[in-house]
Amino acid sequence: MSHAVYRTIQGQTWDQIAKLVYQDETKAGILMEQNPELISIFIFSDGVLVKIPSLEIGSCVELPPWRR
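Residues numbered from 1 in each chain as written. Predicted model: local features only at pLDDT ≥ 70, side-chain atom pairs only at ≥ 80, totals over all residues. Heavy atoms only, no water.

1. Let's talk about the pattern of salt bridges
All chains considered together, the criterion is met by two salt bridges. Here Lys19 and Glu25 are joined by a salt bridge, their closest N and O atoms 3.9 Å apart. Lys19 gets classed as partly exposed once you look at its relative accessible area, which sits at 47%. Between Lys27 and Asp24 there is a salt bridge whose closest N-O contact spans 2.8 Å. (Salt bridge = Lys/Arg side-chain N within 4 Å of Asp/Glu carboxyl O. Buried < 20%, exposed > 50% of the residue type's maximum accessible area, 1.4 Å probe, protein only.)

2. Some thoughts on the nonpolar core
Ranked by size, the top nonpolar core spans 12 residues in total: Tyr6, Trp14, Ile17, Ala18, Tyr22, Ala28, Leu31, Leu38, Phe44, Val48, Val50 and Ile52. Listing elements by their share of this core, those giving two or more residues are α1 (14–22), α2 (28–34) and β2 (49–53). Residue contributions to this core peak at four residues, all from α1. Contacts of Tyr22, omitting those with residues within four sequence positions, involve Lys27, Ile30, Leu31, Ile52, Pro53 and Leu55. (Core = buried A, V, L, I, M, F, W, Y, C linked by side-chain atoms within 4.5 Å. Helix = DSSP H or I, 4+ residues; strand = E, 2+ residues; numbered from the N terminus. Contact = heavy atoms within 4.5 Å.)

3. Considering the side chain of Gln12
Along the chain, Gln12 falls in the loop between β1 (3–7) and α1. Of the polar contacts made by the side chain of Gln12, one reaches the side chain of Tyr6; its length is 2.9 Å. Looking at Gln12, its side chain comes within polar contact range of the main-chain nitrogen of Ile9, at 2.9 Å. (Polar contact = N/O pair within 3.5 Å; in protein donor to acceptor, adjacent residues only side chain to side chain.)

4. Examining unusual backbone geometry
The phi dihedral of Gln23 is positive, around 60 degrees, even though this residue is not glycine. On the secondary structure map, Gln23 appears in the loop between α1 and α2. Judged by relative accessible area, Gln23 falls into the exposed class, the value being 58%.

5. Examining the packing of aromatic side chains
Tallied over the full model, the rule gives one aromatic pair. Ring geometry for Trp14 against Phe44: centres 5.0 Å apart, planes inclined by 75 degrees, an arrangement best described as edge-to-face. You can see Trp14 sitting in helix α1 and its partner Phe44 sitting in the loop between α2 and β2, a full 30 residues away along the chain. Of the two residues examined, Trp14 and Phe44, each falls in the buried class. (Phe/Tyr/Trp six-rings, centres within 6.5 Å; stacked < 30°, edge-to-face > 60°.)

Set out below in structure tokens:
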């Protein structure tokens with residue numbers, strides 16, 4: 001899985017970063033999984049580098065059984 005890097009702004013949280021990069025704050029868990037060294041941070045200081053993995057198309061959508 002390839003990834004980009006995002007430099008945080010003072011006061012940002014995981015869900016805010018996910019909303020910014022994926023347009024979906026519920027993807028914060030993906031960011032946290034890819035950045036275990038940062039997992040203890042709740043509110044970021046300025047300039048922290050966060051790995052942003054690219055998402056595979058279709059990998060994020062859970063279809064109901066009748067649409068599979």
